[in-house]
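Residue-level structure breakdown
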Amino acid sequence: AIINTTYNSLVKELTLNGKPSKLLYDESYNRVFISTASAPYSIYTIDCSADTVLKNETCSFSAGDLAFAYQQNKLYCSEQIGFNIKVINFADSTLSKTITMQKVCTNVFYNPVNQMIYAYSTSSNYDPMLLIDCASDSVVDSVYTGRQVYGIVLDNRNSRICMMNSGDNSLSILNGSD
């Protein structure tokens, strides 16, 4: 549903094929990405200015989480259950690469400062967070944080990445410019 927040009124309701799973707003292009968790698996691109569906990309997998690297025009999708991160090139709507991980990575997060994707699992205890370079689409580093990362945000002002860790009741803070 699209709601006008000035008047708190329903503007439009778009029908999706499949159960909506994840929602990601891209402020650089004023659009929303939506993945579906039931067949037919899809990733929708919604134009927020016109309230219309721009694209409906059919996928062979159920997307777990979404991260959009706007400088490279790439959408990174983790599999809901699996060891792969799918990279979709939005310039030509093609699956440009499948990055096979050594562990289950159900979540992805984009840092525009260092142009890295942070891939992690909310259920793992001491597995490291993996860093994917968006230029090469390859794993370039890993960082150990607290147990079971539950949420992640970027502090643009201080170039810090904050992660809540539900497994050991802690907060990890990374330097986001390295």
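Please read all numbers here as calculations on a predicted model, not as lab measurements. (Residues numbered from 1 in each chain as written. Predicted model: local features only at pLDDT ≥ 70, side-chain atom pairs only at ≥ 80, totals over all residues. Heavy atoms only, no water.)

1. Notes on the nonpolar core
Grouped together as the largest cluster of nonpolar side chains are 15 residues, with contacts concentrated most on Y76, I85, M101, I117, A119 and I132. Taken together, the elements giving at least two residues each to this core come down to strand 7 (63–69), strand 9 (84–89), strand 11 (107–111), strand 12 (116–120) and strand 13 (129–133). Apart from residues lying up to four places away in sequence, M101 is in contact with F83, I85, A119, L130, I132 and V139. (Core = buried A, V, L, I, M, F, W, Y, C linked by side-chain atoms within 4.5 Å. Buried < 20%, exposed > 50% of the residue type's maximum accessible area, 1.4 Å probe, protein only. Helix = DSSP H or I, 4+ residues; strand = E, 2+ residues; numbered from the N terminus. Contact = heavy atoms within 4.5 Å.)

2. Examining the pattern of salt bridges
Tallying each qualifying case throughout the model produces 3 salt bridges. Measuring nitrogen to oxygen at the nearest pair gives 3.8 Å for the salt bridge that ties K86 to E79. (Salt bridge = Lys/Arg side-chain N within 4 Å of Asp/Glu carboxyl O.)

3. Quick word on the packing of aromatic side chains
Any pair of aromatic rings gets described here by the distance separating the centres and the angle formed by the planes. In the structure shown here, the tally under the stated rule is 4 aromatic pairs. Ring plane angle 40° and centroid distance 5.0 Å describe the contact between F33 and F68, whose orientation is recorded as tilted. Separated by 35 residues along the polypeptide, F33 in strand 4 (residues 31–36) and F68 in strand 7 bring together distant segments of the chain. Neither F33 nor F68 differs from the other in exposure class; each is buried. Of the aromatic side chains, those joined through ring pairs into one cluster are Y29, F33 and F68. (Phe/Tyr/Trp six-rings, centres within 6.5 Å; stacked < 30°, edge-to-face > 60°.)

Function cannot be read off these values alone, since they describe shape.
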